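# Notes for the structure review
The primary structure of each chain is shown beneath.
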Amino acid sequence: MGEDKAALEIGGYSLIEMAGKALSQISDGRISIAGEPRECAQHWPAFPDKVVLGLGPLSGLETALSNGNSEWIAVISCDLPFVTGEVFPKLVEQISLETDAVVPIQSDERPQPLCALYRRKSTLDAVLDQQKNADRSMRNLLSRITTHYVPFFSFQDLPNAEHLFLNINSTADYERAKDIVLNSDF
């Protein structure tokens, strides 16, 4: 988009604030930013990515996993403004001893690995191995670890479920998101 998406505002909140609000349901106040500190989110600690640029979301995931200290890490990309606090408890319900990741499936049947839960140690090992090969694919990562996919119907009872995983990747997406907020009960 040519600008820092985290600082973009929708409905009076920056995208990063919206992401933090969604995580607050399960985080006990322990929220941090994978990446550079943000003016719009000074109250959360930031951990800059350590790996070479160009590995995309995999770099951010590596940063979150490396700096976390719990068994499981919840992640959300700031460009998913309509993920609500109700999503993460539904993901937490799916954690088991056999899984390394709990990932929702969007309404278009694609996984959304940037709004998910990851078992820290096993996922970090897989991410580091994948980075050695300069493989930036989140889908490849999910195939390397034991991933439990949560079908979209599990989220259909949530308010505005049809917009939950709208991803802002362009100016048009941003304008669409602002229109959704103006014309709904957000």
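Up top you'll find the structure we're talking about.
Below, the structure is looked at part by part. (Residues numbered from 1 in each chain as written. Predicted model: local features only at pLDDT ≥ 70, side-chain atom pairs only at ≥ 80, totals over all residues. Heavy atoms only, no water.)

## A short note on the overall build of the chain
For the chain, the count of helices and strands is six helices and eight strands. Taken from N to C terminus, the helices and strands of the chain fall in the order β-β-α-β-β-α-β-α-β-β-α-α-β-α. Residues counted as buried form 45% of the 186 residues belonging to the chain. By sequence separation, contacts in the chain at least 24 residues apart represent 64% of the contacts at least 6 residues apart. (Helix = DSSP H or I, 4+ residues; strand = E, 2+ residues; numbered from the N terminus. Buried < 20%, exposed > 50% of the residue type's maximum accessible area, 1.4 Å probe, protein only. Contact = heavy atoms within 4.5 Å.)

## Some details on the pairing of strand β5 (residues 72-76)
The buried fraction of β5 is high, at four of five residues. Bridge analysis of β5 against strand β7 (residues 115-119) gives five bridges, and the strand direction is antiparallel. The partner of Val75 across the bridge, within β7, is Ala116. (Pairing = 2+ DSSP bridges.)

## Thoughts on the pattern of salt bridges
Inspection of every chain in the model, using the stated rule, returns eight salt bridges. Put simply, Asp129 and Arg144 hold a salt bridge, and the shortest N to O gap is 2.2 Å. On the criterion of sequence distance, the pair formed by Asp129 in helix α4 (residues 120-132) and Arg144 in helix α5 (residues 138-144) is long-range, its members being 15 residues apart. Note on Asp129: relative accessible area 32%, which makes it partly exposed. Residue Arg144 is classed as partly exposed on the basis of its relative accessible area, which comes to 38%. Ionic pairing is found between Lys178 and Glu175, a salt bridge with its closest N-O pair at 3.1 Å. Taken together, the residues Lys178 and Glu175, both in helix α6 (residues 171-182) and three residues apart, mark about one turn of the helix. The exposure class of Lys178 is partly exposed, given its relative accessible area of 27%. (Salt bridge = Lys/Arg side-chain N within 4 Å of Asp/Glu carboxyl O.)

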